[in-house]
Every structure is written in structure tokens, then in C-alpha cells.
Amino acid sequence: MKVLACIKRVPDTGAKIVLTEDEQRIDTSGLGFTMSPHEECAIEEAVAQVETHGGSAHVLTLGPPEADEQLRTGLAMQADEATLLETDEEEWSPRATADALADGIDRLDDEGFDLLLFGNESADAANYQVAVRVASELGYPCVTGIKDLEVEDGTAIAKREISGGEEVYEVDLPAVVTVKEGLNEPRYASMRAKMQARRQEIESVEPRAETRAGGLEKVRLEAPETDDSPAEILGEGSEAVPEIVEILAEEVEVV
Amino acid sequence: MILALVEHDKGTPEELSLEALAMARELATAEGDSLEAVAFGDEADALGDELGEYGVEAVHCVAHHHLERYAPDAWAESVVQLASEREAKTITAPGTDRGREVLARVGTSLDAPMATNCLAVDIADDGAYELRRNRWGGSLIEHARLDGEHKLLTAAEHEFPIEPAASPTEPSVSTFEPDVDDDLFAVQVDRVETGDEEGIPLGEARVVVGGGRGVGSAEDYDQLEELAELLGGTVGASRAAVNEGWRPHDDQVGQTGAKISPDIYIACGISGAVQHMVGCKGADTLLAINTDSEAAIVQKADWAVIGDLHEVVPELNEVLRDAA
Ligand SMILES: Cc1cc2nc3c(=O)[nH]c(=O)nc-3n(C[C@H](O)[C@H](O)[C@H](O)COP(=O)(O)OP(=O)(O)OC[C@H]3O[C@@H](n4cnc5c(N)ncnc54)[C@H](O)[C@@H]3O)c2cc1C
Ligand SMILES: Nc1ncnc2c1ncn2[C@@H]1O[C@H](COP(=O)(O)O)[C@@H](O)[C@H]1O
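Small disclaimer: the values here were computed from a predicted structure and weren't measured.

Asker: Pulling in residues and values, what's your account of the sheet that holds strand β9 (residues 140-147) of chain B?
Answerer: With respect to topology, 10 strands assemble into an open sheet ordered β12(A)-β9(B)-β8(B)-β7(B)-β10(B)-β6(B)-β1(B)-β4(B)-β5(B)-β11(B), the strand pairing being mixed. Edge positions in the open sheet fall to β12 (215-222) of chain A together with β11 (172-176) of chain B, since each of these has one partner strand only. Along the sheet, successive strands turn relative to each other by an average axial angle of 35°, direction set aside. Looking at chain direction, strand β6 (residues 90-93) of chain B and strand β10 (residues 151-155) of chain B are connected through four bridges and run parallel. Pairing of Thr90(B) across the sheet is with Lys151(B), part of β10(B). Lying on the sheet, helix α3 (residues 72-86) of chain B is in contact with β1 (2-5), β4 (35-40), β5 (58-62), β6 and β11 of chain B; it crosses β4(B) at an angle near 150°.

Asker: Go over the sheet that holds strand β6 (residues 115-119) of chain A with me, naming the residues and quoting the values.
Answerer: Pairing in this open sheet of 10 strands is mixed, and the strands run β11(A)-β5(A)-β4(A)-β1(A)-β6(A)-β10(A)-β7(A)-β8(A)-β9(A)-β12(B) from one edge to the other. Sheet topology places β11 (203-205) of chain A together with β12 (189-194) of chain B at the edges, where each strand pairs with a single neighbour. In this sheet, adjacent strand axes meet at a mean angle of 30° when their direction is disregarded. Bridge count for strand β9 (residues 165-172) of chain A against β12(B) is five bridges, and the pairing is antiparallel. Residue Val168(A) lies in a different strand from β12(B), and its bridge partner there is Arg191(B).

Asker: Could you give an account of the domain arrangement of chain B, naming the residues involved and the relevant values?
Answerer: All names here are of chain B. Domain assignment breaks chain B into domain 1 (2-185) and domain 2 (202-323). In this assembly, four residues from domain 1 lie in contact with five residues from domain 2. Both faces combined, the contact of domain 1 with domain 2 buries some 410 Å², and carbon together with sulfur accounts for 53% of it. Ranking the residues of domain 1 by area buried against domain 2 places Trp136, Gly137 and Ser139 at the top, with a combined share of 77%. The tally of links from domain 1 across to domain 2 stands at zero salt bridges. In terms of residue class, the side of domain 1 that touches domain 2 is made up of one nonpolar, three polar and no charged.

Asker: With reference to specific residues and values, describe the site of ligand 1.
Answerer: Taken together, 32 residues lie near ligand 1, and Arg213(B), Ser238(B), Val253(B), Ser271(B) and Gln275(B) sit nearest. The environment of ligand 1 is shared, with nearby residues belonging to chains A and B. Contact between ligand 1 and Gln275(B): an oxygen atom at 2.7 Å from a side-chain N or O atom of the residue. Within the backbone of Leu309(B), an N or O atom sits 3.0 Å from a nitrogen atom of ligand 1. Protein contacts shield 83% of the accessible area of ligand 1, which totals 990 Å² for the unbound molecule. Residue assignment for the shell around ligand 1 shows that the elements contributing at least two residues are α6 (239-243), α7 (274-280), β16 (285-290) and α9 (309-323) of chain B. Grouping the amino acids of the shell around ligand 1 by side-chain chemistry returns 10 nonpolar, 17 polar and five charged.

Conventions used here
Residues numbered from 1 in each chain as written. Chains lettered and ligands numbered in written order. Predicted model: local features only at pLDDT ≥ 70, side-chain atom pairs only at ≥ 80, totals over all residues. Heavy atoms only, no water. Pairing = 2+ DSSP bridges. Helix = DSSP H or I, 4+ residues; strand = E, 2+ residues; numbered from the N terminus. Axes fitted to C-alpha atoms, helices over the stretch in contact; angles between N-to-C directions. Contact = heavy atoms within 4.5 Å. Domains from an automatic or database assignment. Buried area = accessible area lost by both parts, 1.4 Å probe. Salt bridge = Lys/Arg side-chain N within 4 Å of Asp/Glu carboxyl O. Nonpolar A, V, L, I, M, F, W, Y, C, P; charged D, E, K, R; others polar. Near = heavy atom within 4 Å. Polar contact = N/O pair within 3.5 Å; in protein donor to acceptor, adjacent residues only side chain to side chain. Areas by Shrake-Rupley, 256 points an atom, 1.4 Å probe, with all protein chains shown as cover.

Written out as C-alpha cells, the structure reads:
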């Protein structure tokens, strides 16, 4: 079985998001980069499915050259191959991203992938659509928001949480599945695996996307106002306990 | 015409659908356009009365012999056919699993752009939409333009107040029979499995005691469990704690976990990363217990105790136990 995980490089913002002067992006000086937790689960699932069924696991991203760092995270988690659809720093719109991914997937492999895993939504943009659009371009069925997945005899059995339980889908492979954190527990890469991943080759491919007028275009970003008035300090250590009890009783009225 | 997808439970509209309808109505009012609704499933025809209060002029109930179980491609194709017949150029959906995936599929059929998580939408002189939408789970806002022959939008959660229209309508209620091929049922709910419910769900708890990396071990959550129990609440966790294997992912609060809205959130040993805070911004009040007076959560909290949670929480439990 050939399994693909699509991931997106995003800044690892800490406790406060600071924007660049032109309000076009997050000021990443001093920040690390990461991917969505959903996508980490997509990589884990790809690798685990291959461990069970045999085959190979592939990670793919559309992003700047530095996104090879996130691909190497995938390789260190035991994915077999990684491909970068290389762009400049600009973020692509969801339609262009989906075009380029679908085209890239086509070019990557003649036989095609059996299972294509995506995050339910990207960490930064949360467009909730790249996977659906890729599935449509490739003509594959697509299920979204999956937290439980099994593959048996060419069928994916996928479950999505609803209030009071789960709804179950059974779709024939090849299929696109978008997953949520909680699907599995992504493995930690060993030091050795990380070293090896650093030496592995990453294929870089020029992306192609249709150009269309209009669409969804970012104008600028805004960091919303937060209430930064410091908390009232009730005290240090357990000397504050009487104050906490008073708040719970008087202000919040839960005791 | 603006067409709004409405999810409902046997004729009672869902809250998030009414919020999305509020967004759609703002647009209809601004454009001087009419607002119609499309709904699937049993008793959709009962939606007329309530949707009239929100200014809907027509309710289209999709009927198809194969549609007794949810099938996203068939839903999307039905919406596309209805939109074409009624000449709808803007289509809205609630920010739910179904709303988003159906609208994204409509987007592929119409080759139309879609903006999710919208907070506000204005109409520019050239007819494009100027909107604000949430990024990073709501810790960042994007100002964007949405332009195209068809425009698709989903509403961010709990941003559009549900208020009756100034002039209520008496919507026409009609059945729409789409022409959908069998292959549009390749993805369809096969069955529903009911879960076993235990404890108070995080999203509904009045008190949530959250534990982060500062808790230090799975065993040390016993102290937080006890505090939660004394206060009639439930325990939540940060992603760091879940990654350590101390708590199940179901307990996680934040961007990729649960959104909570308790009367009080007691955050113990949690630093206050933005991805955690977007999950608890619905809390009325926030009490932080942290050894580090510089921690971001201390800035964001209403009250803070500077100290070791392993000292403060057991002491607090003892006082509460004695008082009970
Ligand atoms: C896309 C994305 C999505 C994410 N989604 C989520 C999410 O849904 N939920 C989430 O929580 N995180 C999420 N994260 C992770 C987030 O960025 C932080 O890494 C995480 O919240 C940190 O958890 P923490 O506060 O428990 O740990 P830390 O940041 O390590 O903080 C531990 C805190 O405990 C304090 N402490 C230590 N010992 C004690 C003690 N004995 N007593 C009292 N205080 C003590 C320390 O001073 C410190 O403030 C996400 C990240 C990304 C990139
Ligand atoms: N630039 C990208 N490169 C690779 N995969 C992506 C990219 N953008 C989005 N995706 C995938 O599509 C999913 C949904 O993204 P979105 O539609 O932006 O919410 C993500 O979780 C990724 O799996």
C-alpha cells in the first residue's frame, strides 16, 4: 500500500503573536516552525499503515525551501520519501494550493497512492478545504474529521465524532481522509532517526497551479486586542488558599 | 438570492446554523437581496415557522429516496442544483463538520472560492466581499477579499448573535428533488455507533480544572481530579500533558482540542500558549496557579497564585473537604 501525508509548515507561535510591520505575516524572528498536530497524526497514520500492510509512506508539502525541515520530521518518524513543492515565502490560496498538490501527486507516482492523508484543517489558515479540493481533482472519495481509521481489503473504515457517538464511513481506496489529533499517538523520533533523516534526499519539484481571477485573497492580518491587565495576585503558595476559597464561594459561587 | 444551508434536529434548527443564518441575513440586507434556506432530512418542512423569525423567505427541503443517511457529495450536488435553479450566487453554511465539507464540495463543483471562520462580511463597491476571518483558532484575524461569480462562506463559532429579524417573514416551504447519480453515494454514513457517556463533558462543565506540564506525572492528576470533584467540575489538560501520556486527548483544551466555557477555569501548571488559550477564552473567569510569575497565563488570568500546584491544590482540597 502506498500512503501519502500532506503537511504544512507554520510558525510555532508561543504565548503572543507578533506581526511584521506590513501586517502581512507573523514576525518569525526568534520563532521555531512546526506543523499542525492533526498533520503529525497524518504522518503517524501513514507510517503505521505501512508497518501493518507493507508498502511505502510519503510526505508532501507545498512551501518555501525551509519546509524541508518539516519533511525531515516526517522522515525521522519513518516515512520513506519526502517531496517539496517549492514556493517563495508567499502563502498560496487554498484553490491554488489544492491545484498544485493534486498536480504534484499525479506527477509523483504513476500507480497512484492508495490512501492520502491530510489534516482536518491547517494550523494557521484553517481553510477546511484543501483536501476536499484535491480529492475532487483526483476523482477520489473524501471523508473529513476522522479520529478512528482502519484499512481492510481495500476499504477504509473511518469514524467521525458526532454528539453522543460516532458516525462510521466505509469507502473504497484510493481515498482521501482528513484526520484530527487524537487519531493516534505520534511517535517520538529517536536521535538516530533524526540524524538519518538529515542525510536523506528530498525531492524538490516546481509546483503548477491554474491561475484564476478573484478568489480568496489575504489583505492583511490583525492581532486581536487581548486584555493584558495583569491578574490580581492572590498570594504565594498555600497562603493564598483562603483567598481562593473566598473567590470560589463569593465571586464564582461554585461552593 | 443568498442560500443558507441549515442543519436541524427534526425540524429544530441547530444553534450554529442560526448563527450562520444571521451572517447570511446581514449580507442579504446589505445587498438588498432575499434569503432562502436549504435543509435535508426528516421533518425539514417543520423549519418554516422558526426560520421565518429570522427573515428567511423560502425553505427548500431536499427529498431523495437515497438520502435517509448523510452523504456529503449528494448533499453538495443538491445544493448546487438548487442554487442554479434559484440563481443563488452566495451560499453560506454553519462552521460544523458537515457544513464545511459540504460547502467545500460545492466549491469544487462551481470552481468557487470559500472563506471559512468568518467574523464579519462587508460588500465592496465592486461587489467583492471584504471580510474578517479567524486564523490560528481565533488568536489571529485575517482581513481578506472574496471575489468570484459564486461566493461561499462559513461562519465562525459564536460570533454572530442570533436575533429575530426586524420584520419576520412567512416562508414558503417546498420540496426540492435533486437529480443525483448513484456514484454520489460512494461516501455515505454507514452506521452510527453510540458512545458510552461518562462524567461531565468538558464543553458543558461549569468548573474545569486544567493541568499542564507543571503537573509532572499522570498520578499527580489525582489532586486535580479531587479538586474538580469537590467543585462539581471536570479535569482538562494542555497538549503538553497529553503528549506526555498523562491524560487522554479527549481531555485536551485548545485549538486542536475542546473549547470550554465554564464559570471558572483553574489552570494549574499551564504556561498560556495561544493555542491553549483559544480553547478556554469562553471561560467567565480564569484562575492560574503557576510557579512562574512571568508566565503568560498570569497576564491573561483574572486571579493568580504564584506557587507550586503540588502544595496549593492539596491544601485547597483539604479546606474545601472540611467545609463540605
Ligand atoms: C497548531 C498547534 C496547535 C496546538 N493546539 C494545542 C491545544 O489544543 N491545546 C494545548 O494545550 N496546546 C496546543 N498546542 C501546544 C501549545 O503551543 C503549547 O506547547 C502547550 O499548550 C504547552 O503546554 P503547557 O502549558 O502545559 O506546558 P509548558 O509551556 O511547558 O508550561 C508549563 C508551565 O507549568 C509551570 N509549572 C511548572 N512546574 C510547576 C509547578 N510545580 N506548579 C505550578 N506551575 C508549574 C511552568 O512555570 C510553566 O508555565 C498547539 C500547538 C500548535 C503549534
Ligand atoms: N501548503 C500545503 N502543503 C501541503 N499540504 C497542505 C498545504 N496546505 C494545506 N495542506 C493540507 O490540507 C489540510 C487542510 O488545509 P486547509 O484547507 O488550509 O485547512 C492541511 O491540514 C494539510 O494536510
